[in-house]
Amino acid sequence: KYKQTLPYRFTGTNFDLPLDGSEVTLSDIERCYDIGRVIGDGNFAMVRECCRRDNGQTFAIKIVERSKLIGREHMMQNELSLLGSLCHPRIVRLVAYHHTHTHSYLVMELVSGGDLFEAISERGKFPEADAGLMVSDMSEALNYIHCKSIVHRDLKPENLLHVAADICRLKLGDFGLAMVVTEPVFTICGTPTYVAPEILCYGVAVDVWALGVILYILLCGFPPFLSRDRDQEELFQLIKQGQINFLSPYWDPISEEARGLVRALLQPDPTVRLTAEQTLLHPWVKAMASNCRQRMLIDKTQRITSDYKVEAHQVQGPAQTGTAGIMADTKPSSEGEITVKEFNGTPEKHTEMNTSREKDEDEPPQHQSAQTETLVHTASSINLNTPALTINCLFKSD
Ligand SMILES: Nc1ncnc2c1ncn2[C@@H]1O[C@H](COP(=O)(O)OP(=O)(O)OP(=O)(O)O)[C@@H](O)[C@H]1O
């Protein structure tokens, strides 16, 4: 069932796991990989660092307990078939997969800078240049998959990974809910905070809406649509109304161009909403991404110069390294007065909710938790106007 063709094959000499998806044992896996620390987890999977024993290459290995997937086996198949067919610098690469009797192991490119959820939780918000480069990266990934008629359907900070050296460079992962769209889709799925107003019948434009929500959060530190009581029905009503508020004082320093892009991405009518390609070409995105790239280049040059000076100092002694001013202040700018102190959801009356990544600190009134849990349901069983809204929400397991 899981047999797929991957764009990459292991070539190591004593790496003898079958590559055709046939079943292996845990000891076969452990013989080939040194499985290390946990680097992330989700509703269905635990992700660990791993190292190939034959050549020392490091990867991320996503370990899925298949009993957790009963009724949702398609999620694993999606991840294998769709992610396995993609090859783009802004998308996490799947390099191999193995199945034991109970678990599936997806060996992926290791993207070691943590996810955007953690970065937002730590930094609160980002300067426009940083947000612009991140939007550019996300748009590149979306444009690539949308050109292949693939919709991701769960674009959110948890599924965007930072390239370790560059906090502003992102790669898109977790294709568990992705699918090929050839006609309008009627399956409700996604994560409430990022879900588009056309949730009942949609196409690739839902990913661009989610991108708009993420951009809004990156710039001010809290989501555009919030239910004060964390009531999902109220949240969906707010999303459907599509009223975007640029709350003062949080939005006061943010440019009109950035606000314009937020409006164009959070356009309720998907036929008028920007496409991923148009977003990539948006003047604010181009200008900000270019500023950020330039700054990163300068920072890198300064780091190299500084390392060189330290080495020279060690080799030649202090008298040889007296040139002042080469190493400018490379401290990151101080931003993030507002911190997203929680991005969690709480159990709701009509949902099967559970969540991880809770934060204990208090938040300013505007900063209620974003509802980051993934939901999957069919359109026939949900009515956004019905008070007795019942949605099965699938949460990150603790
Ligand atoms: N290739 C990778 N490199 C580094 N970290 C990763 C990688 N893939 C995933 N992670 C980390 O593991 C976490 C969980 O991974 P992932 O989202 O794929 O799991 P999941 O169970 O499918 O999630 P969900 O609950 O959204 O369905 C991510 O949020 C990220 O922090």
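Note that the structure is predicted; figures quoted are calculated from it, not measured.

Here we look at unusual backbone geometry
Logical step 1: Each neighbour pair has its own omega, and for Ser-248 with Pro-249 the value is 5°, a cis peptide bond.
Logical step 2: Relative to the elements of secondary structure, Pro-249 occurs in the loop between helix H6 (232-241) and helix H7 (256-265).
Logical step 3: Of note, Arg-153 is a non-glycine position whose phi angle comes to about 70°, a positive value.
Logical step 4: Position of Arg-153 among the secondary structure elements: in the loop between strand E6 (150-151) and strand E7 (160-163).
Logical step 5: One non-glycine residue, Asp-174, adopts positive backbone phi at about 50°.
Logical step 6: Locating Asp-174 in the fold gives a position in the loop between strand E8 (166-172) and strand E9 (179-180).

A look at the site of the ligand
Logical step 1: In the region of the ligand, 21 residues are neighbours, and Asn-43, Lys-62, Glu-109, Asp-115 and Glu-158 sit closest.
Logical step 2: At a separation of 3.1 Å, an oxygen atom of the ligand approaches a polar backbone atom of Phe-44.
Logical step 3: At 3.1 Å, a backbone N or O of Val-111 approaches a nitrogen atom of the ligand.
Logical step 4: Counting residues per element, the ones that place at least two in the shell around the ligand are strand E1 (33-41), strand E2 (45-52) and strand E3 (58-65).
Logical step 5: A per-element tally of the shell around the ligand places E1 first, with three residues.
Logical step 6: Residues of the shell around the ligand, tallied by class, amount to 10 nonpolar, four polar and seven charged.
Logical step 7: Split by domain, the residues of the shell around the ligand number at least three in each of domain 1 (2-108) and domain 2 (116-287 + 372-376).

Topic: the UniProt feature "binding site: ATP" (unreviewed entry) in the chain
Logical step 1: The UniProt entry lists Lys-62 under the feature "binding site: ATP" (unreviewed entry), expressed in the numbering used here.
Logical step 2: With respect to the helices and strands, Lys-62 occurs in strand E3.
Logical step 3: Discounting residues that sit within four places of it in the chain, Lys-62 has contacts with Ala-45, Met-46, Val-47, Glu-79, Ser-104, Tyr-105, Leu-106, Met-108 and Asp-174.
Logical step 4: Within polar-contact distance, the side chain of Lys-62 engages the side chain of Glu-79 at 3.0 Å.

Describing the confidence of the model for the chain
Logical step 1: Overall, the prediction assigns the chain a mean pLDDT of 78, with 72% of residues at 70 or greater.
Logical step 2: Of the regions scoring below 50 in pLDDT, residues 1-14 engages in 41 contacts with residues more than four places distant in sequence or in other chains.
Logical step 3: Contacts for the low-pLDDT stretch residues 319-369, under 50 throughout, to residues beyond four places or in other chains number 114 contacts.
Logical step 4: At the level of chain-chain contacts, confidence expressed as ipTM amounts to 0.96, with global pTM at 0.77.

Digging into the domain arrangement of the chain
Logical step 1: What the domain assignment lists for the chain is domain 1 (2-108) and domain 2 (116-287 + 372-376).
Logical step 2: For domain 1 and domain 2, the distance between their C-alpha centroids amounts to 28 Å.
Logical step 3: Taken together, the contact between domain 1 and domain 2 spans 15 residues of the former and 22 residues of the latter.
Logical step 4: Between domain 1 and domain 2, the buried area comes to about 1,500 Å², and carbon and sulfur atoms account for 61% of it.
Logical step 5: It is Leu-82, Leu-86 and Arg-90 that lose the most area in domain 1 upon contact with domain 2, and together they represent 39% of the buried surface on that side.
Logical step 6: Taken together, domain 1 and domain 2 are joined by two salt bridges.
Logical step 7: As a salt-bridge pair, Asp-174 and Lys-62 come within 3.7 Å of each other at their nearest N and O atoms.
Logical step 8: Our count for the contact surface shared by domain 1 and domain 2 stands at eight residue pairs in polar contact (both at pLDDT 80 or more).

Looking at the packing of helix H4 (residues 128-147) against helix H5 (residues 205-220)
Logical step 1: Here H4 crosses H5 at 170°, and the two axes come no closer than 10 Å. Taken as axis vectors, H4 and H5 run roughly antiparallel relative to one another. The handedness of the crossing between H4 and H5 comes out as right-handed. Every residue of H5 that contacts H4 at Glu-128, Ala-131, Met-134, Val-135, Met-138, Ser-139, Leu-142, Ile-145 and His-146 is listed here: Asp-207, Val-208, Leu-211, Ile-214, Leu-215, Leu-218 and Leu-219.

Quick notes on the rules
- Residues numbered from 1 in each chain as written.
- Predicted model: local features only at pLDDT ≥ 70, side-chain atom pairs only at ≥ 80, totals over all residues.
- Heavy atoms only, no water.
- Helix = DSSP H or I, 4+ residues; strand = E, 2+ residues; numbered from the N terminus.
- Near = heavy atom within 4 Å.
- Polar contact = N/O pair within 3.5 Å; in protein donor to acceptor, adjacent residues only side chain to side chain.
- Nonpolar A, V, L, I, M, F, W, Y, C, P; charged D, E, K, R; others polar.
- Domains from an automatic or database assignment.
- UniProt positions renumbered as here; feature names shortened; annotations may be inferred.
- Contact = heavy atoms within 4.5 Å.
- pLDDT = per-residue confidence, 0-100.
- Buried area = accessible area lost by both parts, 1.4 Å probe.
- Salt bridge = Lys/Arg side-chain N within 4 Å of Asp/Glu carboxyl O.
- Axes fitted to C-alpha atoms, helices over the stretch in contact; angles between N-to-C directions.
- Parallel < 35°, antiparallel > 145°, perpendicular 65-115°, else oblique.
- Left-handed = near helix turned anticlockwise from the far one by under 90°.

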